[in-house]
Amino acid sequence: MSEKPLISFDYAIKYLLKNKGDYDIIEHFISAVLAVQGYKPVKINALLDGESTKESKALKHSIADLVVEDVDGNKYIVEIERAFTPNFMHKACFNSSRLIVDSISGNQDYTTIKKVFHISLLYFYTKNMEKPMYHGQTIIHEIDTAHPIDMRIANQGLVVYEHHNVFPEYFFISVPLFNDVVTSELTEWLYVMKHSDIREDFKSPYMKKVAERLSILKMDTAERNAYFHYLKEAVQAQDTLTSAKLEGEQIGIEKGEKIGIEKGEKIGIEKGKVEGEKIGIEKGEKIGIEKEKMQIAQNMLQLGLPLDTIAAVTGLSVQVIQSLPGESALS
């Protein structure tokens, strides 16, 4: 498995936001995503706290929360996060809702709410998704028609309230599902996210700067160590561990019950029950742990980590890791 020339894009976002001189790369990525729905290019105005101060850090794992402004002066909040498990829609709903609440102070009214664009970078395959990018939003329309409307309401004092385009919009980008066909600036970004590399035929003027700023070889020792530490934390994130643990526990319970019943029938009902429960628990715990290691190793493969690093983190042998589905796709 060859080393990827660029750092992973989800890490690159935080890495680039440390320097205002690199904001244009993130601005171009966000603009390319929003352009799919007809929005104009944006510039970053401010960085918000990526971890909500009102919730546990374990509940919210945003890569970045930004205030942006388009060429017409419209200001939006853009939230970017990564996801490794299929509960991404629930996380997106929770995070965007919390971001809206956190963005208004106690002395402000609801009309100060800014529209939120939520961008999820998904690093896994799902059965119900066939394309690499999906979009969703809330649209208000008349009950007897499907025509969207903007609401304009006046009170008795003839103060007019505009209700236009205030609801959050969601962009879900499944990185592994991208088919490597590059036809636009957005698909160039999808290619970079999937392969951590840039092709010579890319047309975007920003890609040369991306290659320069995100090169692993040009990172100093401290930066490179921080990057590999980030990758290790990514595959051990709470959502990944929770998913692997639940799956392992379920397998353990089912396997334990089966072994317990079979063993119990042979040595007697009462003795079999005790012995079967013991064997079931031990067997279930072992299977759960091994399943969890396999899941973590496969996610690390998808992030492009070297085999020896994965072996050191998971305790699995290189031969076992090479047999995992993710290895063949990245070799």
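Refer to the structure above for everything that follows.
Bear in mind the structure is a predicted one, so any value in this text is a computation, not a measurement.

Overview of the nonpolar core
Here comes step 1: Counting residues in hydrophobic clusters, the biggest one holds 64 residues, and the most contacted among them are I7, I13, F29, I30, I80, L121 and I173.
Here comes step 2: Per-element accounting of this core gives the leading share, 8 residues, to helix α2 (residues 23–34).
Here comes step 3: Counting residues in hydrophobic clusters, the runner-up holds 9 residues, among them L122, F124, M129 and Y170.

Observations regarding the sheet that holds strand β3 (residues 75–83)
Here comes step 1: The strand order across the open sheet built from 6 strands is β1-β2-β3-β4-β8-β5, with neighbouring strands paired in mixed fashion. Each edge of the sheet is formed by a strand with only one pairing partner; in this case those strands are β1 (42–48) and β5 (133–137). Recorded for the sheet is a direction-independent mean angle of 25° between the axes of neighbouring strands.
Here comes step 2: Here β1 runs beside strand β2 (residues 62–70); their pairing, made up of 6 bridges, is antiparallel. Residue pairing in the sheet places A46 in a bridge with V67 of β2.
Here comes step 3: Relative to the sheet, helix α1 (residues 9–16) contacts β2, β3 and β4 (115–122), its axis offset from that of β2 by approximately 60°.

So, the packing of α2 against helix α4 (residues 185–195)
When two helices pack together, their arrangement is given by the angle between the helix axes and by the axis-to-axis distance.
Here comes step 1: One way to put it is that α2 packs onto α4 with a least axis distance of 9 Å and a crossing angle of 120°. The pairing of α2 with α4 is recorded here as oblique in orientation. In this structure, the crossing between α2 and α4 has a hand that is left-handed. Touching I25, H28, F29, A32 and V33 of α2 are E185, L186, W189 and M193, all from α4.
Here comes step 2: Of the residues assigned to the contact of α2 with α4, the class counts are 7 nonpolar, 1 polar and 1 charged.

A closer look at the pairing of β2
For a regular strand, side-chain orientation follows a simple rule: the groups alternate between the two sheet faces.
Here comes step 1: Within β2, 8 of the 9 residues are buried, which leaves the element mostly enclosed by the surrounding structure.
Here comes step 2: When β2 meets β3, the two strands line up antiparallel, connected through 7 bridges. By the bridge assignment, E69 is partnered in β3 with K75.
Here comes step 3: Between β2 and β3, which pair antiparallel and follow one another directly, the connecting turn spans 4 residues, one of which, G73, has a positive phi of 90°.

Some points on a nonpolar patch on the surface
Here comes step 1: A contiguous nonpolar patch, built from I140, V166 and F167 and spanning about 210 Å² of accessible area, is present on the exposed surface.
Here comes step 2: Note on placement: I140 falls in the loop between β5 and β6 (151–154).

Here we look at the environment of F167
Here comes step 1: Residue position: F167 is located in the loop between β7 (160–163) and β8 (169–174).
Here comes step 2: For F167, a relative accessible area of 38% corresponds to the partly exposed category.
Here comes step 3: For the pair F167 and I139, spaced 28 residues apart in sequence, the C-alpha separation works out to 8.1 Å.
Here comes step 4: Sequence-distant contacts of F167, that is, excluding residues within four places in its chain, are made with K115, T138 and I140.

Definitions and limits used
Numbering of residues starts from 1 in each chain and follows the order in which that chain's sequence is written. Two thresholds apply to this predicted model, a pLDDT of at least 70 for residue-level local features and 80 or more for giving and counting side-chain atom pairs, whereas whole-chain, interface and lining totals are computed over all residues. Side-chain metrics rest on all non-hydrogen atoms present in the structure, leaving aside hydrogens and water. Think of a nonpolar core as a cluster: buried Ala, Val, Leu, Ile, Met, Phe, Trp, Tyr and Cys residues, connected wherever their side-chain atoms sit within 4.5 Å. Burial classes: relative accessible area under 20% of the type maximum marks a residue as buried, over 50% as exposed, and values in between as partly exposed (1.4 Å probe, protein chains only). Secondary structure is summarised from DSSP: a helix means a run of H or I of at least four residues, a strand means a run of E of at least two, and numbering begins at the N terminus for each. One requirement defines pairing of two strands: DSSP has to find at least two bridges between them. Axis angles are defined between N-to-C directions and span 0 to 180 degrees, where every axis is a line fitted to C-alpha atoms and, for a helix, only to the segment in contact. Whether two residues touch is decided by their heavy atoms; if any such pair falls within 4.5 Å, the residues are in contact. Any angle between 65 and 115 degrees counts as roughly perpendicular, while under 35 counts as roughly parallel, over 145 as roughly antiparallel, and the rest as oblique. Handedness of a helix crossing follows the sense of rotation of the near helix relative to the far helix, less than a right angle counterclockwise being left-handed and clockwise being right-handed. Charged means Asp, Glu, Lys or Arg here, nonpolar means Ala, Val, Leu, Ile, Met, Phe, Trp, Tyr, Cys or Pro, and polar covers whatever is left, Gly included. Only residues above 30% relative accessible area that lack a salt bridge enter a patch, with like-charged residues linked at up to 9 Å and the nonpolar side chains Val, Leu, Ile, Met, Phe, Trp and Tyr linked at up to 5 Å. Accessible areas in this description were obtained via Shrake-Rupley with a 1.4 Å probe; residue shielding takes into account the shown protein chains only. Note on definitions: salt bridges are taken to be side-chain nitrogens of Lys or Arg within 4 Å of carboxyl oxygens of Asp or Glu.

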